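Structural characterization, general
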Amino acid sequence: MKKAIITGISGQDGAYLAQFLLEKGYEVYGTYRRTASVNFWRIEELNIKNHKNLHLVEYDLTDLSNSISMIQKIQPDEVYNLAAQSFVGVSFEQPITTTHITGLGCVHLLEAIKIVNPKIKFYQASTSEMFGKVQEVPQTEKTPFYPRSPYGVAKLYAHWMVINYRESYNIFACSGILFNHESPLRGQEFVTRKITDSVAKIKLGKLDCLELGNMDAKRDWGFAKDYVEGMYLMLQAKNPDTYVLATNRTETVRDFVSLAFKAVDIEVEFIGSDENEIAVDRKTGKTLVKVNPKFYRPAEVDLLIGNAQKAKEVLGWEAKCTLEELCSMMIKEDLRRNKLGFSF
Ligand code: NDP
Ligand code: GDR
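Residues numbered from 1 in each chain as written. Chains lettered and ligands numbered in written order. Predicted model: local features only at pLDDT ≥ 70, side-chain atom pairs only at ≥ 80, totals over all residues. Heavy atoms only, no water.

**With respect to the pairing of strand 4 (residues 78–81)**
- Of the two faces of strand 4, the one carrying Glu-78 and Tyr-80 and the one carrying Val-79 and Asn-81 are both buried.
- The sheet contact formed by strand 4 and strand 5 (residues 121–127) spans four bridges and is parallel. Residue Asn-81 lies in a different strand from strand 5, and its bridge partner there is Gln-124. (Buried < 20%, exposed > 50% of the residue type's maximum accessible area, 1.4 Å probe, protein only. Helix = DSSP H or I, 4+ residues; strand = E, 2+ residues; numbered from the N terminus. Pairing = 2+ DSSP bridges.)

**Here's the deal with the site of ligand 2**
- Neighbouring ligand 2 are 22 residues, the closest being Ser-86, Thr-127, Tyr-151, Arg-297 and Glu-300.
- A distance of 2.8 Å is found between a nitrogen atom of ligand 2 and a backbone nitrogen or oxygen belonging to Gly-213.
- Between ligand 2 and the protein, one listed contact pairs an oxygen atom with a side-chain N or O atom of Arg-297 at 2.6 Å.
- Burial of ligand 2 by the protein chains amounts to 95% of its free accessible area of 700 Å².
- Split by residue class, the shell around ligand 2 holds nine nonpolar, six polar and seven charged.
- Both of domain 1 (3–183 + 222–248 + 303–319) and domain 2 (191–217 + 252–300 + 327–340) provide at least three residues apiece to the shell around ligand 2. (Near = heavy atom within 4 Å. Polar contact = N/O pair within 3.5 Å; in protein donor to acceptor, adjacent residues only side chain to side chain. Areas by Shrake-Rupley, 256 points an atom, 1.4 Å probe, with all protein chains shown as cover. Nonpolar A, V, L, I, M, F, W, Y, C, P; charged D, E, K, R; others polar. Domains from an automatic or database assignment.)

**Details of the nonpolar core**
- Leu-21, Tyr-80, Tyr-123, Ile-195, Phe-261 and Val-289 are the most contacted members of the largest nonpolar core, which has 71 residues in total.
- Here this core spans two domains, since at least three of its residues come from each of domain 1 (3–183 + 222–248 + 303–319) and domain 2 (191–217 + 252–300 + 327–340).
- Not counting residues up to four positions away in its chain, the partners in contact with Leu-21 are Ala-4, Ile-6, Tyr-26, Val-28, Tyr-80 and Tyr-232. (Core = buried A, V, L, I, M, F, W, Y, C linked by side-chain atoms within 4.5 Å. Contact = heavy atoms within 4.5 Å.)

**Here we look at the packing of aromatic side chains**
- Across all of its chains, the model carries 13 aromatic pairs by this definition.
- The interplanar angle of 20° and the centroid separation of 5.3 Å between the aromatic rings of Phe-131 and Phe-145 together place this pair among those described as stacked. Here Phe-131, found in the loop between strand 5 and helix 6 (150–169), pairs with Phe-145, found in the loop between strand 5 and helix 6; they are 14 residues apart in sequence, far enough to count as distant.
- The exposure class assigned to Phe-131 is buried, which follows from its relative accessible area of 1%.
- When the centroid spacing of 5.9 Å and the interplanar angle of 35° are considered together, the rings of Phe-131 and Phe-179 count as tilted. In this pair, Phe-131 sits in the loop between strand 5 and helix 6 while Phe-179 sits in the loop between strand 6 (173–178) and strand 7 (181–182), placing the two residues 48 residues apart along the sequence. Accessibility assignment for this pair places Phe-131 and Phe-179 in one class, buried.
- Taken together, the aromatic side chains of Phe-20, Tyr-26 and Tyr-232 make up a single cluster linked through ring pairs.
- Between Lys-310 and the ring centre of Tyr-243, over which it is positioned, the NZ or CZ distance is 5.0 Å. (Phe/Tyr/Trp six-rings, centres within 6.5 Å; stacked < 30°, edge-to-face > 60°. Lys NZ or Arg CZ within 6 Å of the ring centre and 35° of its normal.)

**Side note on the sheet that holds strand 15 (residues 287–291)**
- Read from one edge to the other, the open sheet built from four strands follows the order 8-15-14-13, with strand pairing classed as mixed. Unpaired on one side and paired on the other, strand 8 (210–212) and strand 13 (268–271) mark the two borders of the sheet. Looking at each pair of strands side by side, their axes are set apart by 20° on average, direction ignored.
- Along the sheet, helix 7 (residues 191–203) contacts strand 8 and strand 15; its crossing angle with strand 8, the most-contacted strand, is approximately 160°.
- Across the face of the sheet, helix 9 (residues 253–262) comes into contact with strand 8, strand 13 and strand 15 while running at roughly 150° to strand 13. (Axes fitted to C-alpha atoms, helices over the stretch in contact; angles between N-to-C directions.)

**Some remarks on the domain arrangement of the protein chain**
- Domain annotation of the protein chain identifies domain 1 (3–183 + 222–248 + 303–319) and domain 2 (191–217 + 252–300 + 327–340).
- Between domain 1 and domain 2, the C-alpha centre-to-centre distance is 30 Å.
- Taken together, the contact between domain 1 and domain 2 spans 10 residues of the former and 11 residues of the latter.
- Counting every contact that joins domain 1 to domain 2 gives two salt bridges.
- Ionic pairing is found between Arg-337 and Glu-45, a salt bridge with its closest N-O pair at 3.0 Å.
- Those elements that provide at least two residues to the side of domain 1 that touches domain 2 are helix 2 (41–45) and helix 4 (88–93).
- For the side of domain 1 that touches domain 2, the element with the most residues is helix 4, which contributes three residues.
- Taken together, the residues that form the side of domain 1 that touches domain 2 break down as five nonpolar, two polar and three charged. (Salt bridge = Lys/Arg side-chain N within 4 Å of Asp/Glu carboxyl O.)

**Observations regarding the site of ligand 1**
- Neighbouring ligand 1 are 24 residues, the closest being Ser-10, Asp-13, Arg-33, Ser-86 and Tyr-151.
- Here Gly-8 contributes a backbone N or O atom positioned 3.4 Å from an oxygen atom of ligand 1.
- In the environment of ligand 1, an oxygen atom lies 3.1 Å from a nitrogen or oxygen atom belonging to the backbone of Ala-84.
- When contributions to the shell around ligand 1 are tallied by element, the ones reaching two or more residues are helix 1 (12–23), strand 5 and helix 6.
- When residues of the shell around ligand 1 are assigned to their parent elements, the largest contribution, three residues, is made by strand 5.
- Looking at the shell around ligand 1, its residues break down into 10 nonpolar, nine polar and five charged.

Written out as structure tokens, the structure is:
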């Protein structure tokens with residue numbers, strides 16, 4: 001039985017990857033941080049929390065000795081480093097914490113592998129945020145990087161360290177440059193889930209108006225469950241490498257708002273521009289969306305669209321779920337949760 005460590009089991013991707021690897025017959029060690037009240041709602045939703053082959057391990061990525069002792073004790077075949085301070089907006093407020101966790105944390109694990117057993121395979125959750133300011137469209141593994149946030153810079157540092165440990169110590173270390181991927185398990189601070197949860201509440205009469213920041217930003221949004229399979233495939237390939245995973249379609253935040261309302265049979269019309277922009281219900285004229293500049297970021301990533309041709313050719317990976325399917329799946333789940341009176 002293969003053993004895998006997944007850092008960040010309490011996050012969106014950690015939960016889906018754990019489910020995927022358990023189905024493949026792996027023994028999974030999922031790490032979580034000690035907090036006053038740990039929240040395992042995602043692995044509970046997926047019904048894997050009490051799976052006999054899932055072990056929950058307390059671990060903090062910022063602690064090198066904890067990283068070494070964990071790898072030493074578990075002796076895994078594969079390590080998937082998904083843990084991070086992953087919210088771009090917060091990284092402007094907490095640049096140092098973000099650097100410690102999202103940047104240096106990765107190196108703690110690489111060092112631990114180098115010291116304990118360099119044969120352990122390693123996956124690093126890199127990101128399209130490393131592309132930042134548009135240099136090329138669509139973005140590939142060869143596109144120059146220009147990160148636009150402390151989060152993007154920290155991830156880029158980790159990305160280059162992965163390549164450095166691969167080349168210096170022959171460690172099977174892969175980096176997946178993943179474009180945005182969403183799901184009903186997405187955290188509510190991220191824009192898609194904020195939208196689907198709010199639209200569900202508006203439909204049910206529990207909220208009057210949704211406030212958003214920059215609606216012009218364009219993102220390449222896929223379904224998280226498709227993407228965790230790509231992470232696994234990277235570690236099964238013949239050689240360690242870097243891969244882009246993306247859908248090759250980009251839409252604005254505004255487009256996603258329209259799609260979400262359409263999924264609950266409301267047609268919206270956008271009026272005005274910049275911070276005066278609103279979206280109104282075409283039937284009732286009621287304002288359902290407003291811009292609030294407090295959600296603007298000091299520097300923005302305007303346009304992301306990825307080309308995952310290399311992943312298709314080498315790994316046989318392709319995004320399957322369309323944006324329409326993804327959006328209606330998220331809306332359906334948020335309607336269900338809000339009707340039951342809870343939303344995570
Ligand atoms: P989430 O924010 O949902 O999950 C992040 C996880 O990291 C949580 O389990 C969190 O624990 C954990 N974590 C945070 N700080 C620490 C720490 N100091 N020690 C140990 N664990 C910690 O992210 P996603 O699941 O969406 O993303 C997974 C990874 O992929 C992240 O690294 C993200 O940056 C990256 N990524 C995500 C993309 C996306 O679109 N989703 C795209 C590209 C990259 P806790 O619950 O305690 O906060
Ligand atoms: P992103 O995702 O920054 O791309 O990072 P997020 O959903 O936070 O923002 C996407 C775009 O929407 C704009 N936006 C808003 N964003 C949020 N969160 N809240 C709002 O109210 C709002 N209004 C407009 C943002 O300005 C941005 O342009 C995600 C994270 O998962 C990262 O960890 C990951 O690396 C990247 O995706 C790929």
